[in-house]
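Each chain, written out:
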Amino acid sequence: MTTSGLCFKVGFEPMTYRAIIQEAWHYTQTHKKVIYWYGFLPSIFTTTAGVLYMGYQFFAFKESELFDNSPKSFLTQVLSFAYDFLQRHADSSVLIIAVAAILFAIYMLLPTLTQAAAIQVIARHRNGQEATIGDGFKYGLQSYLVLFEYHTAVKFFGVFTILFDAGFVLRHSINLFLTLIPIFIVLLVLGFVMTLLFTYADLFIIIDREGVIASMTKSAKLVLLHWQRTFLITILMGIITIRILLQILLLLLVPAALLLAAGYIATITLHIIGLVIGSIIGLAALFFASYLGAVIEIFAYGVYTYTFLDLTSEKEISAREKVA
């Protein structure tokens, strides 16, 4: 057969992208334990961190010279508040710092481990193997260190990292930001290209136990040989994710407005009731958003794992080899 102008010998007819997406969605709907353990558990930490980080970005811009031009940066205010809080609670400061350090370590380590475990289980289930949740963690640990090393290496070239760096420059110097706009645009293009080229690097590390450099090299080659399918899958996944997130946002707007109004009224009447209502609303929203994020995450793992297994099953044919 011919793929992107190149000939390949195949062991079976590869699935279309529509069939892959349907199969991945069916898997997501029928394997709830995979969602709970490999999706929901890390999603609680990543969602919380995302909310805190986006909140920091919002208030950092608000306090910058672009808007309020506060004499102190928002980061300085946060650090001062944390220091004063620990000073007022000196007896519990060691415990608070220890708990914060443990939560931060979990946030840094758990998502990588659960990604490796989820992809291992998804791939093994698709190939007809028996794999429990415990097996996933066992297999995931075997590629964890290499995967963590890879994530650390490519994090600085990520699109969101570049955008946040641009935001940092904008908050502190508009003139410098305007000067660096061409550089940020080039970095964004390079970041997008690298993200696309290294689409399958995680999978080479997790499934084939390749090293960082070998995985990046093989991923780039696989993407170039099958750039049309990879690009289409990436675009479709982006559209599906955006659509789901928009639907979630629309579904949450009305009840959120009602709950916030109820919380505000309760805060006026009785402070304690307001805190309780606000805490319940916040936790419910966190768990709801974390679960939906987990569903999207496992679904995405399924799509890319199935695509990877199909593409890597095709063997490139030498120019000397004759085909029927």
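Everything numeric here is computed off the predicted structure, so don't read it as measured data. (Residues numbered from 1 in each chain as written. Predicted model: local features only at pLDDT ≥ 70, side-chain atom pairs only at ≥ 80, totals over all residues. Heavy atoms only, no water.)

**Here's the deal with the overall build of the chain**
Note the threshold: Per the convention used, a helix needs a DSSP run of H or I reaching at least four residues, while a strand needs a run of E reaching at least two, with both numbered from the N terminus. Any residue under 20% of the maximum accessible area for its type is buried, any over 50% is exposed, and the rest in between are partly exposed; the area is computed with a 1.4 Å probe on protein chains only. The contact criterion used throughout is that any non-hydrogen atoms of two residues lie within 4.5 Å. Values of accessible area rely on a 1.4 Å probe in the Shrake-Rupley scheme; residue burial ignores everything except the protein chains shown.
Looking only at helices and strands, the chain features 11 helices and 3 strands. Counting from the amino terminus, helix and strand elements in the chain follow one another as β-β-α-α-α-α-α-α-α-α-α-α-α-β. Of all 324 residues assigned to the chain, the portion counted as buried reaches 31%. Pairs at least 24 residues apart make up 77% of the contacts formed inside the chain by residues separated by at least 6 positions. Counting every atom, the chain has about 19700 Å² of accessible surface; 73% of that belongs to carbon and sulfur.

**Concerning helix α6 (residues 159-172)**
Owing to its 3.6 residues per turn, the α-helix brings residues three or four apart onto one side. Under the convention used in this document: One fewer than the residue count of a helix, multiplied by 1.5 Å, yields its expected span.
The terminal C-alpha atoms of α6, which comprises 14 residues, lie 21 Å apart, in line with the 20 Å expected from a rise of 1.5 Å per residue. The complete set of buried residues in α6 reads I162, A166, G167, V169 and R171. Buried-residue contacts for α6 involve α2 (32-63) and α7 (174-197).

**Observations regarding the packing of aromatic side chains**
Keep this limit in mind: Paired rings are identified among Phe, Tyr and Trp, the last through its six-membered ring, by centres lying within 6.5 Å, and are further divided according to the angle between planes into stacked (under 30 degrees), edge-to-face (over 60) and tilted (the rest).
Here the structure, examined in full by the defined rule, presents 15 aromatic pairs. A centroid spacing of 6.1 Å and a plane angle of 45° characterise the contact between F40 and F287, whose relative ring orientation is tilted. Taken together, the residues F40 in helix α2 and F287 in helix α11 (residues 271-312) connect sequence positions 247 residues apart. Residues Y53 and F164 carry aromatic rings whose centres are separated by 4.7 Å and whose planes lie at 75° to one another, so their mutual orientation is edge-to-face.

**Considering the pattern of salt bridges**
Defined as follows: For salt bridges, the criterion is a side-chain nitrogen of Lys or Arg within 4 Å of an Asp or Glu carboxyl oxygen.
For the structure shown, the criterion picks out 4 salt bridges. Where E23 meets R126, a salt bridge forms, and the shortest distance between an N and an O atom there is 3.3 Å. Of this pair, E23 sits in helix α1 (residues 17-30) while R126 sits in helix α4 (residues 93-126), and the two are 103 residues apart along the sequence. Among the residues examined, E23 registers a relative accessible area of 25% and is labelled partly exposed. A relative accessible area of 22% places R126 in the partly exposed class.

**Topic: the environment of A300**
Note that A300 resides in helix α11. With a relative accessible area of 18%, A300 lands in the buried category. Taking the C-alpha atoms as reference points, A300 and T28, 272 residues apart in sequence, are found 9.4 Å from one another.

**Looking at unusual backbone geometry**
With phi around 60°, R209 is a residue other than glycine that occupies positive phi space. Relative to the helices and strands, R209 resides in the loop between α8 (201-208) and α9 (212-225). Classification of R209 by relative accessible area gives partly exposed; the value is 37%.

**With respect to the nonpolar core**
To keep it simple, the criterion reads: Here, nonpolar core means buried Ala, Val, Leu, Ile, Met, Phe, Trp, Tyr and Cys residues that are tied together by side-chain atoms lying within 4.5 Å of each other.
In this structure, Y38, Y150, Y200, I298 and V303 are the most contacted members of the largest nonpolar core, which totals 44 residues. Listing elements by their share of this core, those giving two or more residues are α1, α2, α4, α5 (133-155), α8, α9, α10 (227-269) and α11. Counting residues per element, this core draws most heavily on α11, at 12 residues. Excluding anything up to four places from it in sequence, I298 contacts T28, V34, I35, Y38, G39, A118 and I122. Ranked by size, the runner-up nonpolar core spans 5 residues in total, among them I162, V169, F177 and F184.

**Here's the deal with the confidence of the model for the chain**
So the rule is basically this: As a per-residue measure, pLDDT reflects the predictor's confidence and takes values from 0 up to 100.
For the chain, mean pLDDT is 83; residues scoring 70 or higher make up 83% of the total. For the chain, per-element mean pLDDT is lowest for strand β1 (residues 2-3), which scores 38, and highest for α8, which scores 96. In the predicted structure, residues 1-14 sits below a pLDDT of 50 and forms 36 contacts with residues beyond four places in sequence or in another chain.

**Here's the deal with the packing of α4 against α5**
Definition in use: Angles shown run from 0 to 180 degrees and are taken between the N-to-C directions of axes, each axis being a line fitted to C-alpha atoms and, for helices, limited to the stretch in contact. If an angle is under 35 degrees, it is roughly parallel; if it is over 145, roughly antiparallel; if it lies from 65 to 115, roughly perpendicular; otherwise it is oblique. Note on convention: the crossing is left-handed when the near helix lies turned anticlockwise from the far helix by less than a right angle, right-handed when the turn is clockwise. The classification used treats Ala, Val, Leu, Ile, Met, Phe, Trp, Tyr, Cys and Pro as nonpolar, Asp, Glu, Lys and Arg as charged, and all other residues, Gly among them, as polar.
Interaxial distance between α4 and α5 falls to 7 Å at its minimum, and their mutual angle equals 125°. Classified by the angle their axes make, α4 and α5 are oblique. The element α4 and its partner α5 pack so that their crossing is right-handed. Residues M108, L109, T112, L113, T114, Q115, A116, A117, Q120, V121 and R124 of α4 form the contact with α5, whose own contacting residues are G136, F137, Y139, G140, L141, S143, Y144, L147, F148 and H151. Each residue belonging to the contact of α4 with α5 can be placed in one class, and the counts come to 12 nonpolar, 8 polar and 1 charged.

**Focus on α2**
To keep things clear, this is the line we draw: To obtain the bend at a residue, axes are fitted to the seven residues ending there and to the seven starting there, and the angle between these axes is taken.
End to end, α2 covers 43 Å across 32 residues, agreeing with the expected 46 Å (1.5 Å per residue, within 8%). Along α2, the largest kink reaches about 35° and is centred on S43. All buried positions along α2 are accounted for by V34, I35, Y38, G39, P42, S43, T47, Q57, A60 and E63.

**Observations concerning a nonpolar patch on the surface**
Heads up, the rule is: Patch membership needs two things, relative accessible area over 30% and no salt bridge, and members are linked within 9 Å if like-charged or within 5 Å if nonpolar (Val, Leu, Ile, Met, Phe, Trp, Tyr).
Side chains of I185, V189, F192, V193, W227, F231, I235 and I239 sit close together on the surface and give an oily, nonpolar patch of about 740 Å² of accessible area. Note on placement: F231 falls in helix α10. Take F231: its relative accessible area is 35%, and that puts it in the partly exposed class.

**Here we look at the packing of α1 against α2**
α2 packs onto α1 with a crossing angle of 85° between their chain directions and a minimal axis gap of 5 Å. Regarding the angle of α1 to α2, the classification is roughly perpendicular. Judged by residue contacts, Y27, T28, Q29 and T30 of α1 engage K32, V34 and I35 from α2. Per-class residue counts for the contact of α1 with α2 are 3 nonpolar, 3 polar and 1 charged.

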